[in-house]
Amino acid sequence: MSPSYQDLLAQAREAIPEVEPSDIAPRVESGDGPLIIDVRETAEWDQGHLPGAIHVPRGFLESRIGGVTSGTDQELLISCASGQRSLLAAKTLADMGFSNVTNLAGGFARWKQNNYPVEVPRILSPAQRSRYSRHVLIPEVGEEGQLKLLDSKVLLIGAGGLGSPTAYYLAAAGVGTLGLVDDDVVDESNLQRQIIHTTDRVGMNKGESAKQAIAALNPEVQVNVHPFRVNRDNVLDLLDQYDVVVDGADNFPTRYLMADASLMTRTPLVHSSILRFEGHASTFMPYDGPCYRCLFPEPPPPDLAPSCGEAGVLGVLCGVMGNIQATEAIKVLLGMGDTLSGRLMIYDALGMTFTELKVRRDPDCPSCGPNADLQLRDYEAWCAGVGSHDHAGATA
Amino acid sequence: MSTVKIPPVLRQAVGGERTVEAPGSTMGEVLTNLCQAHPAVGAQILTPDGELHKYVNIYVNDEDARLLQWTDTPVGEGDTVMILPAMAGGA
Ligand SMILES: [Zn+2]
């Protein structure tokens, strides 16, 4: 006669030792307990589970257990809601050769009744699941990646040509907090490229204007408006509040300030600069890859480094380069793919070419080298100074 | 002849061209010849003593010339020499 459900449970009980929550709770709380496998369904798991538990629904147990365990001799504690499904699951694992499997008596229900600590997994709300569904569908992002973006904080230096598309797309992507540093106001001549601003907001602070656009696009994004210029007195406090900084400044003193401050606070720096039809982009990972000064030890003099206001810029170029920055920021936040760390990408819109140059860490770098005496300086004076002197390289 | 890639800020100095051909068997010779043909370029990238300013990066076939043999890096037919100053624009 085929065994009944009760027979199966009885057989499993003979093979699998059971532990009471009170027996195992001290070890779980101190973090040196067995690997806990929770075999309930997703909806049950989402309501809460034992701290540190791994979710492997019963239906996927045989196929997934190998991927979450280190070997068949690993100590495992199997849990479910009441201790019955987990008992059968534990028996299956024993049949698969796992030699150190126990079952949590009374399951999660008894654990919770005894007021032992419970972890409630963070999940996207139904509205978030809908809004970010195209992200959640990407295996490299998924719900976990989207939650990470929602927890992330990105600081943008400038809400202008580069900052407009970068901020807009990062907001759409659900980056939870965006800081916008800009002391400037929207001007009519900005609107050819600074698409986050509008004609009726001419005269408004750019951070405030961008905040309105972002609120309309994705109201759940927290926007911090910093309506001042970043300088050596405020930069470190500012960077401490963010995970990644995106540099869309329009002058060298600010760019060298951000380069040094990102090293000091170990904040990844996503860089781009633009002029006419050409854009540069790179990502500087503090002390892990080259820094901005490894690439450009000194700024050129002002006549060799005109701003977009002086020399012009193709509006569309800002969209391309700003979105490269947004892409890099997301990759850094999610730790996926290969960033532009160690590479300078040059986009030539006229030739429609992307050129990639290798950037190496300079062992003599005055900012990130082993002998560097890194401290924030008067970057205005320094940039003016190096530009007016003859700092010779080798003979040409 | 090598092909010299001219950055946006120096294009006016070479009549608006994005690339210019220049002779020379080393990167230094190529740039010297370029600056002789287009003195306005020399005024920007060379010191009065004829040395390259430190704020100018040079790449030979997309490799940083500082990591090659700098101005002595050999170049020939079909090679590219890129002049790359930092750009500041972002707004
Ligand atoms: Zn460096």
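Residues numbered from 1 in each chain as written. Chains lettered and ligands numbered in written order. Predicted model: local features only at pLDDT ≥ 70, side-chain atom pairs only at ≥ 80, totals over all residues. Heavy atoms only, no water.

Colleague: Can you tell me about the overall build of chain A, naming the residues and giving the values?
Modeller: Helix and strand counts for chain A stand at 17 helices and 14 strands. The globule rule puts the C-alpha radius of gyration for 396 residues at 21 Å, and the 28 Å found for chain A is more than 25% above it. Considered along the principal axes of its C-alpha atoms, chain A spans approximately 95 × 50 × 40 Å. A burial count over chain A gives 53% of its 396 residues as buried. (Helix = DSSP H or I, 4+ residues; strand = E, 2+ residues; numbered from the N terminus. Rg over C-alpha atoms; globule rule 2.2 N^0.38 Å. Buried < 20%, exposed > 50% of the residue type's maximum accessible area, 1.4 Å probe, protein only.)

Colleague: I'd love a proper account of the overall build of chain B, names of residues and values included.
Modeller: If you tally the helices and strands in chain B, you get 2 helices and 6 strands. Reading chain B from its N end, one meets helices and strands in the order β-β-α-α-β-β-β-β. By its C-alpha atoms, chain B is 40 × 25 × 25 Å across when sized along the principal axes. Burial analysis of chain B (91 residues in total) assigns 57% to the buried set. Carbon and sulfur atoms make up 49% of the accessible area of chain B, which totals about 3,600 Å². Taking the average location of the 5 positive side-chain charges in chain B and that of its 11 negative ones, the two points are 11 Å from each other. (Areas by Shrake-Rupley, 256 points an atom, 1.4 Å probe, with all protein chains shown as cover. Lys, Arg positive; Asp, Glu negative; His and termini not counted. Charge placed at Lys NZ, Arg CZ, Asp CG, Glu CD.)

Colleague: Report on the interface of chain A and chain B, specifying residues and quantitative values.
Modeller: Counting residues at the interface gives 50 residues for chain A and 35 residues for chain B. Taking both partners together, chain A and chain B bury about 3,700 Å²; carbon and sulfur atoms supply 58% of that area. Along the contact surface separating chain A from chain B lie 4 salt bridges. A salt bridge links Lys358 of chain A to Glu63 of chain B, with the shortest nitrogen-to-oxygen separation between them at 3.0 Å. Among the secondary structure elements, those contributing two or more residues to the side of chain A that touches chain B are helix H13 (252-264), strand E10 (269-275), strand E11 (278-284), helix H14 (292-295), strand E12 (343-348), strand E13 (353-358) and strand E14 (392-395) of chain A. (Contact = heavy atoms within 4.5 Å. Buried area = accessible area lost by both parts, 1.4 Å probe. Salt bridge = Lys/Arg side-chain N within 4 Å of Asp/Glu carboxyl O.)

Colleague: Can you tell me about the coordination of the zinc ion, naming the residues and giving the values?
Modeller: Residue and element names in this part refer to chain A. With distances of 2.3 Å, the protein atoms coordinating the zinc ion are Cys291 (SG), Cys294 (SG), Cys365 (SG) and Cys368 (SG). Coordination at the zinc ion comes from 4 donor atoms whose angles at the metal span 96 to 120 degrees, giving a geometry best classed as tetrahedral. Between consecutive donors of the zinc ion, the numbers of intervening residues give the motif C-x2-C-x70-C-x2-C. Of the two residues, Cys291 is situated in the loop between E11 and H14 and Cys368 in the loop between E13 and helix H17 (379-388); the sequence distance between them amounts to 77 residues. For the pair shown, Cys291 and Cys368 are each scored as buried. (Donors = N, O, S within 2.8 Å, 3.2 Å for Na, K, Ca; no water. Tetrahedral: all angles 85-135°; square planar, octahedral: opposite > 155°, others 65-115°.)

Colleague: With reference to specific residues and values, describe the packing of aromatic side chains.
Modeller: Residue and element names in this part refer to chain A. Overall, the coordinates contain 7 aromatic pairs over all chains when judged by the stated rule. With a centroid separation of 5.0 Å and 75 degrees between ring planes, the pair formed by Tyr256 and Trp382 is classed as edge-to-face. Separated by 126 residues along the polypeptide, Tyr256 in helix H13 and Trp382 in helix H17 bring together distant segments of the chain. On the basis of relative accessible area, Tyr256 is assigned to the buried category, the value being 0%. Between Phe284 and Tyr292, the ring centres sit 5.9 Å apart and the planes meet at 75 degrees, which makes this aromatic pair edge-to-face. Residues Phe284 and Tyr292 agree in their burial class; the two are buried. Taken together, the ring pairs connect Phe252, Tyr256, Phe284, Tyr292, Phe296 and Trp382 into an aromatic cluster. Seen from the ring of Phe108, Arg40 lies directly overhead, with NZ or CZ sitting 4.6 Å from the centre. (Phe/Tyr/Trp six-rings, centres within 6.5 Å; stacked < 30°, edge-to-face > 60°. Lys NZ or Arg CZ within 6 Å of the ring centre and 35° of its normal.)

Colleague: Would you mind going over the sheet that holds strand E4 (residues 76-79) of chain A in detail, with residue names and values included?
Modeller: Residue and element names in this part refer to chain A. Here 5 strands make up an open sheet; going across it, the order is E1-E5-E4-E2-E3 and the pairing parallel. Strands with a single pairing partner mark the edges of an open sheet, and in this sheet they are strand E1 (18-19) and strand E3 (54-55). Pairing of E1 with strand E5 (residues 101-104), which is carried by 2 bridges, proceeds in the parallel orientation. Bridged to Glu18 within E5 is Asn103. Sitting on the sheet, helix H5 (residues 85-95) touches E1, E4 and E5, and the angle it makes with E4 is about 145 degrees. (Pairing = 2+ DSSP bridges. Axes fitted to C-alpha atoms, helices over the stretch in contact; angles between N-to-C directions.)

Colleague: So, the side chain of Glu328 of chain A: which residues are in play, and what are the values?
Modeller: All names here are of chain A. Relative to the helices and strands, Glu328 is located in helix H16 (residues 315-334). Judged by its relative accessible area of 5%, Glu328 falls in the buried class. One polar contact links Glu328 to Thr283, side chain to side chain, over a distance of 2.7 Å. Contacts of Glu328, omitting those with residues within four sequence positions, involve Val270, Thr283, Asp338, Thr339 and Leu340. (Polar contact = N/O pair within 3.5 Å; in protein donor to acceptor, adjacent residues only side chain to side chain.)

Colleague: Give me the lowdown on the domain arrangement of chain A, citing residues and values where you can.
Modeller: Looking at chain A, the domain boundaries give domain 1 (5-121) and domain 2 (152-382). Relative placement of domain 1 of chain A and domain 2 of chain A: their C-alpha centres are 48 Å apart. (Domains from an automatic or database assignment.)

Colleague: How would you explain the pattern of salt bridges if you had to name every residue and give the values?
Modeller: Following the criterion strictly, the structure yields 18 salt bridges over all chains and no others. Here Glu278 of chain A ties to Arg11 of chain B by a salt bridge, and the two come within 3.1 Å at their closest N and O atoms. Taken together, the residues Glu278 of chain A in strand E11 and Arg11 of chain B in the loop between strand E1 (2-5) and strand E2 (19-22) connect one chain to another. Residue Glu278 of chain A is classed as buried on the basis of its relative accessible area, which comes to 8%. Taking relative accessible area as the criterion, Arg11 of chain B reaches 13% and is therefore assigned buried. The shortest N-O distance in the salt bridge between Arg66 of chain B and Asp64 of chain B comes to 3.4 Å. Exposure remark for Asp64 of chain B: the relative accessible area of 7% places this residue in the buried category.

Colleague: Quick rundown of the sheet that holds E2 of chain B? Include the residues and the values.
Modeller: All names here are of chain B. Pairing is mixed in the open sheet, where 5 strands are placed in the order E2-E1-E6-E4-E5. Each end of this open sheet is capped by a strand with a single partner; those strands are E2 and strand E5 (63-64). Both E1 and E2 contribute to a ladder of 4 bridges, which runs antiparallel. Each bridged residue has a counterpart across the sheet, and for Ser2 the counterpart in E2 is Ala22. Against the sheet, helix H1 (residues 27-37) engages E1, E2, strand E4 (56-60) and strand E6 (80-85), with an angle of about 70 degrees to E6.

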